[in-house]
Amino acid sequence: MSSPLPNVGEILGRLLARVPEPEHPLFVAIAERMAAERYRGWAEVAPAQRDGLLACSERERGIARRVESLHDDAASRQQRIRAQVPELAEINESVFAGRPLDEQFAIQAQGERVGAGFWRSLAGSASEPARGTYLHCAELEEQNATALESLRRASGTE
């Protein structure tokens, strides 16, 4: 039997606490790009679900691009963020490592819902165009969560 699923919200909260608040959106954009890669990897090992997983990957990349476009010098700022949290990639991998694909989907769906809440929270205090961008990002996160939950239901593992 697998161990309990990790709490993505707690993990994200601990990591965000190490990054200055104005950099939080760019930190999460890094995580969105990591998720995009994860979806592409899943598409390779689950060819029957390839199209849906690639669509999720593209939504993740779109979130990252939209958020990065709101911030001057996003790339160098993200480089500094990666230096502040050098273990981010390792943590990202360890959350999913050794788990069956359906559990990985469940963890990622949880992460998508956490992400949607994060973007909505930012939208609440943002002005345009950031407000609209963050709300759109929340919608994309919800679409990915729904897609993953549908894949789990279709495989009978939910």
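Residues numbered from 1 in each chain as written. Predicted model: local features only at pLDDT ≥ 70, side-chain atom pairs only at ≥ 80, totals over all residues. Heavy atoms only, no water.

What follows deals with the packing of aromatic side chains. Applying the stated rule across the entire model yields five aromatic pairs. Between the aromatic rings of Tyr39 and Trp42, the centroid separation amounts to 5.4 Å while the plane-to-plane angle is 90°, which identifies the pairing as edge-to-face. With a gap of three residues between them, Tyr39 and Trp42 both fall in helix 2 (residues 24–45), about one helical turn apart. In this structure, Tyr39 and Trp42 share a single accessibility class: buried. Feature note: the residues Tyr39, Trp42, Phe96 and Phe105 constitute an aromatic cluster, connected by ring pairs. (Phe/Tyr/Trp six-rings, centres within 6.5 Å; stacked < 30°, edge-to-face > 60°. Helix = DSSP H or I, 4+ residues; strand = E, 2+ residues; numbered from the N terminus. Buried < 20%, exposed > 50% of the residue type's maximum accessible area, 1.4 Å probe, protein only.)

So, on to helix 4 (residues 74–84). Listed in full, the buried residues belonging to helix 4 are Ala74, Arg77, Gln78 and Ile81. Buried residues in helix 4, looked at end-on, bunch into an arc of 100°, giving them a common side. For helix 4, the exposed residues set more than 90 degrees away from the buried face come down to Ala75, Gln79 and Ala83. Its buried side turned inward, helix 4 meets helix 2 and helix 3 (50–69). (Arc of directions from axis to C-beta. Contact = heavy atoms within 4.5 Å.)

Moving on, we get to the pattern of salt bridges. This structure, assessed with the given rule, holds ten salt bridges. Residue Arg40 is joined to Glu37 by a salt bridge in which the shortest nitrogen-to-oxygen separation is 2.2 Å. Note that Arg40 and Glu37 are positioned in helix 2 at a spacing of three residues, about one turn of the helix. Close ionic contact of Arg99 with Glu103 constitutes a salt bridge, the shortest N to O distance being 3.0 Å. Residue Arg99 shares its accessibility class with Glu103, and that shared class is buried. Overlapping salt bridges bring together Arg113, Arg120, Glu142 and Glu149 as one network. (Salt bridge = Lys/Arg side-chain N within 4 Å of Asp/Glu carboxyl O.)

A word on the side chain of Gln78. Checked against the element boundaries, Gln78 lands in helix 4. Overall, the relative accessible area of 9% leaves Gln78 in the buried class. In this view, Gln78 contacts Leu26, Ala29, Ile30 and Glu68; residues no more than four positions away in its chain are not counted.

Turning our attention to the environment of Ala126. When you line up the elements, Ala126 lands in the loop between helix 6 (101–125) and helix 7 (130–154). Non-local contacts of Ala126, meaning those with residues more than four positions away in its chain, are made with Arg131 and Tyr134.

Every buried residue of helix 5 (residues 88–96) is accounted for by Leu88, Asn92, Val95 and Phe96. In a view along the axis of helix 5, the buried residues occupy a sector of 90°, so they form one face of it. Among the exposed residues of helix 5, those oriented more than 90 degrees off its buried face are Glu90 and Glu93. Of the surrounding secondary structure, the elements contacted by the buried residues of helix 5 are helix 1 (8–16), helix 2 and helix 6. Where helix 5 ends, the next residue or the one after it, Gly98, has phi of about 75°, a positive value.

So far we have only geometry, and geometry alone does not tell us how the molecule works.
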